[in-house]
Amino acid sequence: IGDTSLVRARNLERELGFRQIFLKFEGANPTGTQKDRIAFAQAMDAVRRGFDTLAVATCGNYGVAMSLAAGLAGLRCLIYIPEAYHTKRIQEMIQNGAEIIRVPGDYEQAVDVSREECEINEIYDANPGGANTSLQLKAYGEIANEIYDELRDAPSVVAVPVSNGTTLTGIYRGFLSLYRRGKTSKMPRVVAGSSFGKNPIIQAFRKRKRKCDDLPPESIRGSAINEPLINWRSIDGDHALESIRRTGGWASDASDKAMLGLSKLIREREGLNILPASTAGLVALKERHKRESLPDDRYVVVLTGRRS
């Protein structure tokens, strides 16, 4: 788990006009996304603390990661999925031994139901935003450590797709720890990208709000492209918003068309078959560079998953 590749994308540099761009490809994890990092960390924590069952709400990738980690750890795995949601990844969860529980409503309601069940039945709660947040952030902080191990310093910018904001916050805290220990000469600016108009973190940043407000649930319409990014409530959104602002970073929307275009470009120029939603951070970086030329420096783009 982890130790994913960091590759310099020379063809992408020429295409987009950057001096140095490095791609941190999380698709190399066992189930194809960064979610494996927190899934395996929590499965180990559950075993250490004497739990025999864990539960999580998901719309896809996290459920596959959690089912694999739980199965290898010998734990029973309960996965709560919105009843109207369909993905071929559900079959992977079942093959890994997970029990699927359909819940009326959306993802956020599935989280609430799974949390209640965990509390009532003394089940390990693997959802974001709960008591295990610090464990999750530490696991994602390893991405910063791996980038440092390769570059021997922090990049100028690290660009990350956001949904709940947990991955971005963990990366920020990983770099903050490195900087405070004198390992890096600077903190990178943290950049977030997400689906156009469908993420509270991006909306809060653009409207200069101090906190993330929930979006109207009825305004959220998913697609095959943006599904990993959208939600009306970003569970760790306030932490992510603070991370962006403290580093002088920025956040912006990414359209389905832009994400599809960049995923195709990366596949053709760099040979990586990535999930289009993984390019949301790169979209935010590219659009800023188009408006105002960014300095010649090193930029890292985190690509959170591979296309299955």
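Residues numbered from 1 in each chain as written. Predicted model: local features only at pLDDT ≥ 70, side-chain atom pairs only at ≥ 80, totals over all residues. Heavy atoms only, no water.

Further remarks concern helix α3 (residues 61-73). Between its first and last C-alpha, α3 extends 19 Å over 13 residues, near the 18 Å set by a 1.5 Å rise per residue. All of the buried residues along α3 are Tyr 62, Gly 63, Val 64, Ala 65, Met 66, Ser 67, Ala 69 and Ala 70. Those residues of α3 that are buried are in contact with α2 (35-48), β3 (53-57), β4 (76-82), α4 (89-95) and α6 (133-151). Just beyond α3, the residue with positive phi is Gly 74, at close to 75°. (Helix = DSSP H or I, 4+ residues; strand = E, 2+ residues; numbered from the N terminus. Expected span 1.5 Å × (residues − 1). Buried < 20%, exposed > 50% of the residue type's maximum accessible area, 1.4 Å probe, protein only. Contact = heavy atoms within 4.5 Å.)

A few words on the sheet that holds strand β6 (residues 124-125). Reading across the sheet, the 4 strands line up as β5-β4-β3-β6 and stay open at both edges, with parallel pairing between neighbours. The outermost strands of the open sheet, each flanked by one partner alone, are β5 (99-103) and β6. (Pairing = 2+ DSSP bridges.)

Attention now moves to unusual backbone geometry. Residues other than glycine seldom take positive phi values, yet Asp 3 does so here, at roughly 50°. In this fold, Asp 3 is placed in the segment before β1 (6-8). Judged by its relative accessible area of 70%, Asp 3 falls in the exposed class. Despite not being glycine, Arg 208 has its phi angle at roughly 60°, a positive value. Mapped onto the elements, Arg 208 comes out in the loop between α8 (200-206) and α9 (237-246). A relative accessible area of 75% means that Arg 208 is categorised as exposed.

This paragraph deals with the pattern of salt bridges. Scanning the entire structure with this criterion turns up 19 salt bridges. The residue Lys 24 makes a salt bridge to Glu 146 at a minimum N-O spacing of 2.7 Å. Pair noted here: Lys 24 is in strand β2 (residues 20-25) and Glu 146 is in helix α6, with a separation of 122 residues, a long-range link. Across this residue pair, the class does not change: Lys 24 and Glu 146 are buried. (Salt bridge = Lys/Arg side-chain N within 4 Å of Asp/Glu carboxyl O.)

Our next topic: the packing of α6 against helix α7 (residues 166-180). Closest axis-to-axis distance for the α6/α7 pair is 7 Å, and the angle between their directions is 60°. One finds that α6 runs oblique with respect to α7. Between α6 and α7 the crossing geometry is right-handed. Residues Gln 136, Leu 137, Tyr 140, Gly 141, Ile 143, Ala 144, Asn 145, Ile 147 and Tyr 148 of α6 pack against Thr 166, Thr 167, Thr 169, Gly 170, Ile 171, Arg 173, Gly 174, Phe 175 and Leu 178 of α7. Residues belonging to the contact of α6 with α7 are distributed by class as follows: 9 nonpolar, 8 polar and 1 charged. (Axes fitted to C-alpha atoms, helices over the stretch in contact; angles between N-to-C directions. Parallel < 35°, antiparallel > 145°, perpendicular 65-115°, else oblique. Left-handed = near helix turned anticlockwise from the far one by under 90°. Nonpolar A, V, L, I, M, F, W, Y, C, P; charged D, E, K, R; others polar.)

Counting residues in each nonpolar core, the largest one holds 66 residues, and the members touching the most others are Leu 54, Met 66, Val 158, Leu 168, Ile 171 and Phe 175. The element contributing the most residues to this core is α6, with 7 residues. Among all residues touching Val 158, those that are not within four sequence positions of it are Ile 171, Phe 175, Pro 188, Arg 189, Val 190, Val 191, Val 300 and Val 302. Of all hydrophobic cores here, the second largest spans 30 residues; its members include Ile 274, Leu 282, Ala 284 and Leu 294. (Core = buried A, V, L, I, M, F, W, Y, C linked by side-chain atoms within 4.5 Å.)

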